[in-house]
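Residue-level listing of the chains:
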Amino acid sequence: MMLGVLGIGFAGLNWLKTQNLTVSRGLLISIIISLLFSFICYYSTDINNTTDYSYASYIVSFSVWFFGAFAVCYIIRIVHEIASLRILTNYLAAVCFFQCVAALMIDNIPAFKLLVDSIVNQGQDFFDEVNRLYGIGAALDSAGVRFSLVLVLITSSLNNSIKTRENSWYIAMLLIAFFTISVIGNAIARTTILGVSSSLIYFFIGSGLFRSIVKMESIKLGILFGFLLVVAIFISVYLYNNNKEFYDQMRFAFEGFFNWIEHGEWRTGSTDKLNREMWIWPEDQKTWLIGSGKFGLYEFSTDIGYCRFILYCGLIGFSVFAFLFVFNALYFMNRYPKYWMMFLIFLVLTFIFWVKVATDIFFIYALFYCLDTFSDEEENEVEELDVIGNNEKLDENSLLYPRYV
């Protein structure tokens, strides 16, 4: 919320500086879809006589995410003189890496745990009760969703960013963050495994290591990846065999793998609970169409995203909501063709996340829209999603030109 307010101020400053208010077509269409979704949710609460406006006010959340993202990108641009996907990815990787380290410190250093708990109230009593790792405002599935997206972003930077692939230091730091998030992030929230698996597939497809002609930069990337993977495995195996708490955390984090290896069946406690008692659907035609106007977690005793959205605003509302993320993914796939696989993964993950939890990932698209915003006045390097400080005008035939209304 604070970043959102700050972002409004920065947007005003940017408008005064440029004397030009531009909105990309993608963002404009996203706003319209969000308004329509909010209206449908409000209508659902109205005809059902409820006061649960969880998603009836989605346009407000949409705006907060956008202006918060605008503040982040604007500050990055001030500090680095450019705002690019590569730089943004570095910061997001650092934040997630810090959350993993903070979670370990909270779990192992009582004084640090007391300090964090005295400042941030995040339901830590529940985390202690179920013996779950948590960071500073990062826990459970919401953390797992963010970890997953950042893992895909890291892989995208390793696969596509020329500046990253040319710098061994950048590669090493990103890989250290990648393996740390993959292991510790999965102990915080097992949803992270979705990001780990999709990122590994993305890496092996897009890294250039398995082409008929392998470039030297791809060989360097492969060597660093292999070396740090061996280091990560060695450290994890050592701690697994010598540290009881790490042993328990890994048994929880990779419960599905352990059950598969030890019992020949892929299953976890959470998936068993989902399949056993959480698939709850509407019982009448009206609720199927427009919902019940109730979203609260304990209204229907389910946390499954598909169930909660349909129970809240029906198939009509859910279809509009789903279309928002289909549109965002397709828009950026077309906008940045070199990154089409990253946005395809984001789209697939969106629909997979809803099997487990009711959340959305517009916050990541908000950052892309903000990176896109600055390029109306400055040349944008398609390959890097960089905004660079010169005054060259866009060519009329450029792919970047027909984006603004």
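Anyway, here's the lowdown on the structure attached to this text.

Definitions and limits used
- Residues numbered from 1 in each chain as written.
- Predicted model: local features only at pLDDT ≥ 70, side-chain atom pairs only at ≥ 80, totals over all residues.
- Heavy atoms only, no water.
- Helix = DSSP H or I, 4+ residues; strand = E, 2+ residues; numbered from the N terminus.
- Buried < 20%, exposed > 50% of the residue type's maximum accessible area, 1.4 Å probe, protein only.
- Areas by Shrake-Rupley, 256 points an atom, 1.4 Å probe, with all protein chains shown as cover.
- Axes fitted to C-alpha atoms, helices over the stretch in contact; angles between N-to-C directions.
- Parallel < 35°, antiparallel > 145°, perpendicular 65-115°, else oblique.
- Left-handed = near helix turned anticlockwise from the far one by under 90°.
- Contact = heavy atoms within 4.5 Å.
- Nonpolar A, V, L, I, M, F, W, Y, C, P; charged D, E, K, R; others polar.
- Salt bridge = Lys/Arg side-chain N within 4 Å of Asp/Glu carboxyl O.
- Patch = residues over 30% accessible without salt bridge, like charges linked within 9 Å, V, L, I, M, F, W, Y side chains within 5 Å.
- Expected span 1.5 Å × (residues − 1).
- Disulfide = S-S within 2.5 Å.
- Core = buried A, V, L, I, M, F, W, Y, C linked by side-chain atoms within 4.5 Å.

**Comments concerning the overall build of the protein**
Point 1. The helix and strand inventory of the protein stands at 19 helices and two strands.
Point 2. Counting the 405 residues in the protein, one finds 50% classified as buried.
Point 3. When the accessible surface of the protein is totalled, it reaches about 19,800 Å², and 66% of it is carbon and sulfur.

**A closer look at the packing of helix α11 (residues 216–242) against helix α12 (residues 244–253)**
Between two packed helices, the angle of one axis relative to the other and the distance separating the axes together describe the packing.
Point 1. Look at α11 against α12: their axes get within 6 Å of each other, and the N-to-C directions meet at 115 degrees. Classified by the interaxial angle, the pair formed by α11 and α12 is roughly perpendicular. In this structure, α11 meets α12 at a crossing whose hand is left-handed. Between α11 and α12, the contacting residues are S236, L239, Y240 and N242 on the first element and K244, F246, Y247, M250 and R251 on the second.
Point 2. In terms of residue class, the contact of α11 with α12 is built from five nonpolar, two polar and two charged.

**Comments concerning the pattern of salt bridges**
Point 1. All chains considered together, the criterion is met by five salt bridges.
Point 2. The salt bridge partner of D117 is K113, with a shortest N-O separation of 3.3 Å. Note that D117 and K113 are positioned in helix α5 (residues 110–119) at a spacing of four residues, about one turn of the helix.
Point 3. Taking the relative accessible area as the measure of exposure, D117 reaches 22% and is therefore partly exposed.
Point 4. Overall, the relative accessible area of 21% leaves K113 in the partly exposed class.
Point 5. Between D303 and R308 there is a salt bridge, with the nearest N and O atoms lying 3.2 Å from each other.
Point 6. Since its relative accessible area comes to 18%, D303 is described here as buried.

**Digging into a nonpolar patch on the surface**
Point 1. There is a patch of nonpolar side chains on the surface, built from L3, L6, I75, I78, V79 and Y91 and spanning about 530 Å² of accessible area.
Point 2. Looking at the nonpolar patch, the element that brings in the most residues is helix α3 (residues 58–80), giving three residues.
Point 3. Position of I78 relative to the elements: it lies in helix α3.
Point 4. With relative accessibility at 54%, the residue I78 sits in the exposed group.

**Some thoughts on the packing of helix α4 (residues 85–108) against helix α7 (residues 140–160)**
Point 1. Where α4 meets α7, the axes come as close as 9 Å, and the angle between the chain directions of the two elements is 135 degrees. Classified by the interaxial angle, the pair formed by α4 and α7 is oblique. Relative to α7, α4 is oriented so that their crossing is left-handed. Contacts between α4 and α7 involve L85, R86, T89, L92, A93, C96, Q99 and C100 from the first element and F147, V150, L153, I154 and S157 from the second.

**Let's talk about α11**
Point 1. Compared with an ideal rise of 1.5 Å per residue, which puts 27 residues at 39 Å, α11 spans 39 Å between its outermost C-alpha atoms and is within 8% of the ideal.
Point 2. Buried residues along α11 sit in contact with α7, α8 (162–165), α9 (168–188), α10 (192–206) and α12.

**Let's talk about the state of the cysteines**
Point 1. Within this structure, the stated rule accounts for zero disulfides.
Point 2. No disulfide involves C41; its sulfur sits 4.1 Å from the nearest other cysteine sulfur, which is in C313.
Point 3. Classification of C41 as buried rests on a relative accessible area of 0%.
Point 4. The buried category is assigned to C313, whose relative accessible area is 0%.

**Notes on α3**
Point 1. With 23 residues, α3 should cover 33 Å at 1.5 Å per step; its first-to-last C-alpha distance of 33 Å lies within 8% of that length.
Point 2. Residues of α3 that are buried include every one of Y58, I59, F62, F66, G68, A69, F70, A71, C73, Y74, I76 and R77, and no others.
Point 3. Just downstream of α3, E81 is the residue with a positive phi angle, here 70 degrees.

**Points about the nonpolar core**
Point 1. Judged by nonpolar contacts, the single largest core of 74 residues is most densely connected at M342, F343, F346, I361, I364, Y365 and F368.
Point 2. Listing elements by their share of this core, those giving two or more residues are α2 (25–47), α3, α4, α7, α14 (269–278), α17 (305–335), α18 (340–356) and α19 (362–373).
Point 3. Once you skip the residues sitting within four places of it in the chain, F346 turns out to touch L149, V152, L153, I361, I364, Y365 and F368.
Point 4. Membership of the second largest hydrophobic core comes to 35 residues, among which are L174, I181, L224 and F225.

**Points about the environment of G144**
Point 1. Considering the arrangement of structural elements, one finds G144 in helix α7.
Point 2. On the basis of relative accessible area, G144 is assigned to the buried category, the value being 0%.
Point 3. Setting aside its immediate chain neighbours within four residues, G144 contacts A189, T191 and T192.

Such coordinate-based values are descriptive only and should not be taken to indicate function.
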